[in-house]
Amino acid sequence: MVAHYDENLLSDMLPVYYTRLFPQNIFCRWLACGNSPQPLSNRELSFTLADDVYIRYLSISNQKEFQALLQKKCPYKLDIGAVYNNKPSISRHDAVVLARELVFDIDLTDYDEVRTCCQEAKVCDKCWKFMVIACEIIHTSLKDDFGFQNILWVFSGRRGIHCWVSDFEARTLDSPGRGAIADYLCLIIGGDNQNKKVHLGVDNLHSSIRRSIGIIDKYFDEVMLDQEFIGTPERLQKLLKMIPDETLRDIVENNLTKMPQSSLERWKSFVNIYDTYLRENGNAIRKIKYLLEEIKIQYCYPRLDVNVTKGFNHLLKSPFSIHPKTGKVSVVFKPNNARNMKLDEIPTIYTLLDDSSPDNVQHQNNMRSAVKIFQEVVFSLEKAEAMRRRNDANTTLEF
Amino acid sequence: MDLKIKRKSTRTAHSSNLLENYPHDLQMYKVPPIENIRLHEFETLALERLTLLRCLATATTLKGLRIYSNEWREFVLNELRSQGLKYYANLCDISGFGTSEADLQARRKDHIGHFILRLAYCRTEELRRWFVARELELFKLRFMTMKSEAVVEFFKINKLCYTNISEEEKNEIIGCLRESTMHQKVDSLKFYKVKFYEVLDLVKSRKVYIQGGYAYIPDKDFISVLSAQYRIHLKQSLVVACHHLGEIEQDERLVGLLKGLHQSYSGDDYSDTKVVVPIETLDSLSVKSFPLCMRQLHEQLRLSHHLKHGGRLQYGLFLKGIGVTLEDSLRFWRDEFTKIMDLDKFEKQYAYNIRYNYGKEGSKKNYSPFNCLKIINNNVGPGDCHGCPYRHCDPSNLKNRLKGYGIEHQALHDIVDMAKRGHFQIACSKYFDAAHNTELGLGINHPNQYFEESQKILKGENKVEIKKETKQTTIKKEQSKQMEDIDFDEISEWNE
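Residues numbered from 1 in each chain as written. Chains lettered and ligands numbered in written order. Predicted model: local features only at pLDDT ≥ 70, side-chain atom pairs only at ≥ 80, totals over all residues. Heavy atoms only, no water.

- As recorded in an unreviewed UniProt entry, chain B goes by the name DNA primase large subunit, listed as coming from Parnassius mnemosyne.

- Chain A carries the name DNA primase in an unreviewed UniProt entry, which gives Parnassius mnemosyne as its organism.
- Within the UniProt record for chain A, the comment given under Sequence similarities (unreviewed entry) is "Belongs to the eukaryotic-type primase small subunit family." (UniProt positions renumbered as here; feature names shortened; annotations may be inferred.)

Shown next as structure tokens:
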């Protein structure tokens with residue numbers, strides 16, 4: 001472990017980090033590509049400075065300006081906004097948003113209702129598994145269902161993950177379109193006053209839901225062991241409240257309270273009780289046809305902050321910026337590698353800039369591979385953009 | 001474009017011309033009418049169209065019928081006939097492409113009526129939304145009842161070309177189609193491939209199979225593609241119409257008429273209040289005069305000294321609406337929040353939003369408090385406790401809460417029952433009666449309206465202890481008056 005996470009050191013360390021380690025070149029190329037056909041300077045950046053001063057409507061037209069701006073302001077937090085019809089500093093409130101990556105924000109605090117290992121800002125490798133599942137489900141849907149190719153996954157710096165979709169179609173999608181995708185992906189609905197937040201009805205399960213449940217099933221036992229979802233009387237009550245059929249609820253309660261506390265064992269016998277009950281009570285099926293699926297989804301399915309996705313100009317933390325509270329780098333990662341990520345292997349500004357730190361070498365390596373993954377995504381985005389422009393040019397010529 | 005309506009035109013309408021202009025019962029209203037019409041006819045057509053649209057709104061909101069269901073359709077058609085609008089009933093019943101004089105005349109009226117209402121409803125964003133929502137319902141209603149040859153004809157007339165996918169392609173994905181398409185006999189249907197953003201309503205509700213960015217829809221679902229296009233077209237046209245309003249308003253005869261049309265919908269939005277409510281009274285007010293949604297937020301705030309963004313917005317604007325000043329509001333939130341955070345954090349992260357609600361920051365708009373529909377339609381996620389308790393609470397939680405507030409058994413049962421059946425606003429009205437020991441049966445459509453009505457009773461402005469017979473009539477009167485004010489805005493969206 002690293003000795004000090006001293007926030008006061010940041011103002012000295014950040015300029016060094018931005019100059020030496022932040023992948024400025026590839027970052028600007030990523031943004032420029034995401035702006036096309038608008039110039040890079042139409043993109044809004046916003047900085048939060050050391051004393052929580054918040055500056056919006058900044059913009060850069062090239063890497064040189066970016067470097068100068070970083071050195072001048074030394075932002076503690078770096079957010080990326082939308083692409084406007086003009087330089088954002090000029091038009092401000094009258095500006096029209098022309099494009100914006102389709103973004104997703106998943107935060108572990110939204111799992112507080114189900115996770116038992118940590119609460120609020122705390123995270124550990126056990127609850128990180130929720131992020132692994134979320135990432136796999138959303139990535140698969142974006143690729144297979146919506147046909148998007150250029151998808152960037154970023155660790156948010158503390159307790160969540162962000163996803164940026166840069167395909168032209170996604171960038172220019174209007175708000176109803178974003179809303180529809182968010183709603184398509186969102187299965188858990190309801191606030192603190194609703195115990196059962198998933199309702200799948202009685203019709204056939206949509207192919208995408210079936211696929212998602214397949215993904216959850218790969219991890220379900222493991223998560224059940226980690227989280228002990230129904231290991232204590234209170235947690236068991238939470239499960240019981242999700243069962244709408246009273247008779248079944250009573251049977252489950254009677255049986256499970258008598259059992260040893262292992263959640264996995266309890267779950268298995270719950271599944272058995274449910275199956276038997278359904279077989280004997282054909283008419284109960286209307287209410288509880290997909291009960292098992294619904295509960296699995298409530299435990300494990302991604303919990304999106306839909307407002308971030310629906311909004312056209314929501315600001316979102318930049319890849320490779322530093323989280324001011326943890327000092328962690330918002331590294332880019334490969335969705336199929338999310339599973340192997342360990343939270344304490346994520347580089348921090350302190351370990352990266354301190355060669356005496358025991359984690360220094362490993363973190364340097366991890367940082368390098370994160371930049372490499374970022375590069376790969378940007379290269380393929382550039383390729384796709386070039387192809388799109390060539391196609392556009394061809395179609396215009398035809399007319 | 002739309003203004004051509006009143007311009008002199010030398011053309012006279014012959015039926016051959018009509019046939020050319022109006023080949024089909026269902027129109028996309030792309031071209032505005034150009035003939036000369038009398039003022040009297042102008043007025044009649046406008047009012048008839050308005051009756052039609054209101055009839056749709058009534059079916060969904062007041063009658064609580066499931067939109068596009070058979071009962072809903074029956075109700076609309078019967079209502080149209082009883083209002084003497086036979087020609088609209090015929091246009092809506094089985095839309096076709098007949099050529100009789102009656103058909104043609106009906107289509108002409110439909111066409112002109114639509115364009116007149118565009119002028120009346122383009123003025124504000126709210127009116128536009130109401131109009132677009134109703135026109136879309138109408139469009140869908142008519143498309144649904146069309147016979148398949150009429151559909152083919154409609155596509156031909158509007159030059160909509162789509163080719164269905166091959167049998168091979170269909171067989172490859174038939175399992176997924178069966179699973180994800182909400183129709184019977186999927187195997188015998190022809191499927192078409194469109195981009196997913198052409199059928200957002202189907203994507204949103206997961207009623208279509210999508211793969212690689214394409215949605216696979218059977219011909220019945222083309223209504224989604226068309227209504228999406230129609231919605232965009234209509235929205236844009238309303239903006240254009242709005243720009244030209246000035247020219248039309250030079251004719252005083254039209255101004256009075258057009259403005260009069262939508263008057264009954266401009267209910268109070270509570271963005272300006274005259275009374276001042278001191279924050280010291282909030283605790284007692286929340287018990288006596290707050291609707292459940294606000295009381296819940298107030299108690300949550302007192303309990304945990306924090307509310308998430310959605311809650312702060314809903315409750316903050318409500319407080320503004322009842323007459324809490326900006327200074328008081330800042331003090332109120334600060335006192336609570338600083339119990340769990342330092343002052344500095346509050347000032348930096350939360351004070352801005354409070355001033356923003358009062359129109360002092362950002363775009364400096366004076367935001368109005370949320371009405372019931374907005375609250376009911378709000379996104380409520382984990383950790384949130386805003387929204388409408390009748391919609392966003394489990395019945396058992398709702399029951400416990402009401403019991404805790406001392407609502408007696410029968411009333412409690414009624415309230416929960418209404419909430420279960422999806423009549424959230426009626427449940428709220430029942431709660432009002434239970435809390436005030438009255439039987440007013442108010443139509444609640446705004447939390448601030450709830451508050452004001454409650455204050456009226458508490459201050460004795462409403463005579464509650466009226467004799468039985470007179471009470472009956474007051475109830476009726478109240479009801480009909482309140483119903484008029486209900487904002488039908490986008491009701492269809494959350495019914496879907």
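## A few points about the interface of chain A and chain B
For step 1, the next point in the chain: Facing the 39 residues of chain A at the interface are 38 residues of chain B.
For step 2, the next point in the chain: Both faces combined, the contact of chain A with chain B buries some 2900 Å², and carbon together with sulfur accounts for 49% of it.
For step 3, the next point in the chain: Here chain A and chain B share 4 salt bridges between them.
For step 4, the next point in the chain: One salt bridge in this structure joins E169 of chain A and K195 of chain B, with 3.2 Å as the shortest N-O distance.
For step 5, the next point in the chain: Seen at the junction of chain A and chain B, the total is 21 residue pairs in polar contact (both at pLDDT 80 or more).
For step 6, the next point in the chain: If you list the elements that add at least two residues to the side of chain A that touches chain B, you get helix 5 (125–145), helix 7 (175–185), helix 8 (207–227) and helix 14 (306–310) of chain A.
For step 7, the next point in the chain: A per-element tally of the side of chain A that touches chain B places helix 7 of chain A first, with 6 residues. (Contact = heavy atoms within 4.5 Å. Buried area = accessible area lost by both parts, 1.4 Å probe. Salt bridge = Lys/Arg side-chain N within 4 Å of Asp/Glu carboxyl O. Polar contact = N/O pair within 3.5 Å; in protein donor to acceptor, adjacent residues only side chain to side chain. Helix = DSSP H or I, 4+ residues; strand = E, 2+ residues; numbered from the N terminus.)

## Some thoughts on the pairing of strand 3 (residues 77–84) of chain A
Consecutive side chains of a regular strand alternate in pointing toward one face of the sheet and then the other.
All names here are of chain A.
For step 1, the next point in the chain: Most of strand 3 is tucked away: 7 of the 8 residues are buried.
For step 2, the next point in the chain: Bridge count for strand 1 (residues 43–48) against strand 3 is 5 bridges, and the pairing is antiparallel. Bridging from a neighbouring strand, S46 pairs with D79 of strand 3.
For step 3, the next point in the chain: One ladder, built from 2 bridges, connects strand 3 with strand 8 (residues 316–317); its direction is antiparallel. For D79, the partnering residue across the bridge sits in strand 8 and is K317.
For step 4, the next point in the chain: As paired strands, strand 3 and strand 4 (residues 97–99) are joined by 2 bridges and run antiparallel to one another. (Buried < 20%, exposed > 50% of the residue type's maximum accessible area, 1.4 Å probe, protein only. Pairing = 2+ DSSP bridges.)

## Overview of helix 17 (residues 326–337) of chain B
Residues and elements named next belong to chain B.
For step 1, the next point in the chain: Here helix 17 is 12 residues long and its end C-alpha atoms lie 16 Å apart, about the 16 Å a rise of 1.5 Å per residue gives.
For step 2, the next point in the chain: Burial in helix 17 covers these residues: L326, D328, S329, L330, F332, W333, E336 and F337.
For step 3, the next point in the chain: Next to the buried residues of helix 17 lie helix 14 (282–288), helix 15 (292–304), helix 16 (309–322), helix 18 (343–349) and helix 19 (351–357). (Expected span 1.5 Å × (residues − 1).)

## Some details on the nonpolar core
Across soluble globular proteins, you tend to see nonpolar side chains buried next to one another.
For step 1, the next point in the chain: One finds Y17 and Y299 of chain A to be the most contacted residues of the largest nonpolar core, which totals 206 residues.
For step 2, the next point in the chain: Residues in contact with Y299 of chain A, not counting those within four places in the same chain, are V114, F130, F220, M224, F229, I230, L239, M242 and W267 of chain A.
For step 3, the next point in the chain: Counting 57 residues, the second largest nonpolar core, distinct from the first, contains A351, Y405, A411 and F432 of chain B. (Core = buried A, V, L, I, M, F, W, Y, C linked by side-chain atoms within 4.5 Å.)

## Things to note about the packing of aromatic side chains
Residues and elements named next belong to chain A.
For step 1, the next point in the chain: Under the counting rule described, the total for this entry stands at 51 aromatic pairs over all chains.
For step 2, the next point in the chain: When the centroid spacing of 6.4 Å and the interplanar angle of 80° are considered together, the rings of Y17 and F22 count as edge-to-face. Considered together, Y17 and F22 belong to a single accessibility category, that of buried residues.
For step 3, the next point in the chain: Centroid distance W153 to F333: 6.5 Å. Interplanar angle 35°. Geometry classified as tilted. Taken together, the residues span a long stretch of sequence, with W153 in strand 6 (residues 151–155) and F333 in strand 9 (residues 332–333) at a distance of 180 residues. The exposure classification of W153 matches that of F333, with both residues buried.
For step 4, the next point in the chain: One aromatic cluster in this structure is built from Y17, Y18, F22, F27, W30, F66, W164, F320 and F374. (Phe/Tyr/Trp six-rings, centres within 6.5 Å; stacked < 30°, edge-to-face > 60°.)

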